[in-house]
Amino acid sequence: MSTITILGAGVMGSAMCLPAADRGHAVRLVGTHLDVEIIDSVKATGRHPKLNVKLPDGVRAYQHDQFGEALGTDTDLLILGISSAGVSWAIDRLCETLKGPVPAVMITKGMHPEEDRLTALPDRVAAEVKRRTGIALQIAAIGGPCIAGELAVRRHTGTVITAHDVSFATRLCAMLEHDYYHPRVSPDLIGVEICAAFKNFFAIGVGWAAGHLEKMAPTENRAFNHNAAAIIFDQAIRELMILVTAHGGTAESVWGMPGAGDLYVTCQAGRNSRLGNNLGRGLTYAETKAGPMKGDTIEGAELGVTVAATLRAMMATGKLDAAALPLTSALLDALTADKALNIPWSAFHRHT
């Protein structure tokens, strides 16, 4: 039996308690400074108030100021379950707490923008911890379609665990695999991470179709707008392929579970799709954030704002073909210039 410490008690980090505990590992769940009420509930009743489930017996809960106690000297695997907005906070906690290297895996969805390229968050965290402490961390990542509420009730879930060292990813799969949790190995860390992050971004575009339906004149057969959503979905996969391969990732990640699989799941529901619905109704991003989605964290939108300058710079220098990324450009304009999201149908690809 190993000891697994999870930093981040949001829905995804907490859902990882299930396969970890069911494999017989000791699990320590540590909240962030935003998770105080969640940890209080888990300590008092064992129930996670946002997942609305009781976590497995034996999961021990800790507040954010108890991270050092939870990590101890016996943690065999650290799972980083913080949001992309919390990465800097997590780096600070790691730098002030770590006494030596601890194997880690991230389930955070996001990218770090450099001047002329995007960097995967595991590489960013490892580099910053090494710079500030001298400690070399081995950090893998988990991508692929995983709805936290389904994993929390042990629905069959397939994910991809990726690392620069494939043997490390293989060991993690062996630690976490269960009858209902089916991880598979990938060596394509940058490709998997771009897919994991940008599926949220492109789900905004796909969600536009359902919202725009409400603006369209009703038809006698009460037709939906699924055909339009499918065209946008197809274009999203094409553009995801361009982004991944431009950064050295593989096509397999895009058409497999990390890309097409995860985008499909993300388009079914969630905040990214709801933002797309509102944009389809004619609201701008600012109007949506001030109104129907006030206070919501929308990771696809936050990603777009974060990486916009880098992507535009890559297009300007020819590292990315701007003409082949019309959906990306339209989404960036909607998110950063507060423009209406106008789907550029005529600029979409015409190749099979």
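Shown above is the structure to which this text applies.
Being a predicted model, the structure only gives us computed values, none of them experimental. (Residues numbered from 1 in each chain as written. Predicted model: local features only at pLDDT ≥ 70, side-chain atom pairs only at ≥ 80, totals over all residues. Heavy atoms only, no water.)

A. Just the overall build of the protein, in detail. Assigned secondary structure in the protein consists of 16 helices and 12 strands. Against the compact-globule benchmark of 20 Å for 352 residues, the protein has a radius of gyration of 20 Å, which places it among compact chains. The principal-axis extent of the C-alpha atoms belonging to the protein is close to 60 × 45 × 35 Å. When burial is assessed residue by residue, the protein has 54% of its 352 residues classed as buried. Accessible surface, the protein as shown: approximately 15300 Å² in total, 52% of it carbon and sulfur. A gap of 2 Å separates the mean positions of the 32 positive and 35 negative side-chain charges of the protein. (Helix = DSSP H or I, 4+ residues; strand = E, 2+ residues; numbered from the N terminus. Rg over C-alpha atoms; globule rule 2.2 N^0.38 Å. Buried < 20%, exposed > 50% of the residue type's maximum accessible area, 1.4 Å probe, protein only. Areas by Shrake-Rupley, 256 points an atom, 1.4 Å probe, with all protein chains shown as cover. Lys, Arg positive; Asp, Glu negative; His and termini not counted. Charge placed at Lys NZ, Arg CZ, Asp CG, Glu CD.)

B. Structural detail: the packing of helix α15 (residues 299–317) against helix α16 (residues 326–336). Contact geometry for α15 and α16: axes closest at 9 Å, N-to-C directions at 120 degrees. Compared by their axis directions, α15 and α16 come out oblique. Between α15 and α16 lies a crossing whose hand is left-handed. Where α15 abuts α16, its residues Gly300, Ala301, Gly304, Val305, Ala308, Leu311, Arg312 and Met315 lie against Thr328, Ser329, Leu332, Asp333, Leu335 and Thr336. Grouping the amino acids of the contact of α15 with α16 by side-chain chemistry returns 7 nonpolar, 5 polar and 2 charged. (Axes fitted to C-alpha atoms, helices over the stretch in contact; angles between N-to-C directions. Parallel < 35°, antiparallel > 145°, perpendicular 65-115°, else oblique. Left-handed = near helix turned anticlockwise from the far one by under 90°. Contact = heavy atoms within 4.5 Å. Nonpolar A, V, L, I, M, F, W, Y, C, P; charged D, E, K, R; others polar.)

C. Seen up close, the packing of helix α10 (residues 226–246) against α16. Where α10 meets α16, the closest approach of the two axes is 8 Å, and the angle between their N-to-C directions is 100 degrees. The orientation of α10 relative to α16 falls into the category roughly perpendicular. The segment α10 lies against α16, with Ile232, Gln235, Ala236 and Glu239 engaging Pro326, Leu327 and Thr328.

D. Summary view of the nonpolar core. By size, the foremost hydrophobic cluster in this structure holds 50 residues, and its most contacted members are Met111, Phe198, Phe202 and Leu275. Elements with a contribution of two residues or more to this core: β9 (118–120), α9 (189–213), α10, α13 (271–280), α15 and α16. For this core, the element with the highest residue contribution is α9, accounting for 13 residues. Those residues in contact with Phe202, other than ones at most four positions away along the chain, are Ala236, Glu239, Leu240, Leu243, Leu263, Leu327, Thr328 and Leu331. Counting residues in each nonpolar core, the second largest holds 39 residues, with Ile4, Ala21, Ala140 and Ala148 among its members. (Core = buried A, V, L, I, M, F, W, Y, C linked by side-chain atoms within 4.5 Å.)

E. Layout of the sheet that holds strand β12 (residues 181–186). Pairing within the open sheet is mixed, and its 8 strands lie in the order β5-β2-β1-β6-β7-β10-β11-β12. With partners counted over all chains shown, the strands left at the sheet margins are β5 (60–62) and β12, one partner each. Within the sheet, the average angular offset between the axes of one strand and its neighbour, ignoring direction, is 25 degrees. Sheet topology places strand β2 (residues 26–30) next to β5; 3 bridges connect them, and they run parallel. Bridge assignment links Val30 to a residue of β5, and that residue is Tyr62. (Pairing = 2+ DSSP bridges.)

F. Spatial organisation of the packing of aromatic side chains. This model, assessed by the stated rule, comprises 5 aromatic pairs. Ring centres of Phe201 and Phe202 lie 5.2 Å apart, and the angle between their planes is 70 degrees; this geometry places the pair in the edge-to-face category. Residue class for Phe202 comes out buried when judged on its relative accessible area of 1%. These aromatic residues form a ring-pair network of at least three members: Phe198, Phe201 and Phe202. (Phe/Tyr/Trp six-rings, centres within 6.5 Å; stacked < 30°, edge-to-face > 60°.)

G. View of the state of the cysteines. Going through the model one piece at a time under the given rule, you end up with 0 disulfides. The closest cysteine sulfur to the non-disulfide-bonded Cys267 is located on Cys195, 13 Å from its own sulfur. (Disulfide = S-S within 2.5 Å.)

H. Seen up close, the pattern of salt bridges. What the rule picks out here adds up to 13 salt bridges. Of the charged contacts, one joins Arg132 and Asp92 as a salt bridge, the two residues approaching to 2.9 Å between their closest N and O atoms. With a gap of 40 residues between them, Arg132 in helix α6 (residues 121–133) and Asp92 in helix α5 (residues 87–97) connect regions that are remote in the sequence. Residue classification places Arg132 among the partly exposed residues on the basis of a relative accessible area of 39%. Shared partners join several salt bridges into a network, and the residues in it are Asp92, Arg124, Glu128, Arg131 and Arg132. (Salt bridge = Lys/Arg side-chain N within 4 Å of Asp/Glu carboxyl O.)

I. Structural context of the environment of Asp22. If you trace the backbone, Asp22 turns up in helix α2 (residues 17–22). For the pair Asp22 and Arg154, spaced 132 residues apart in sequence, the C-alpha separation works out to 9.9 Å. Once residues lying within four places of it in the same chain are set aside, the contact partners of Asp22 are Cys17, Arg154, His178 and Tyr180.

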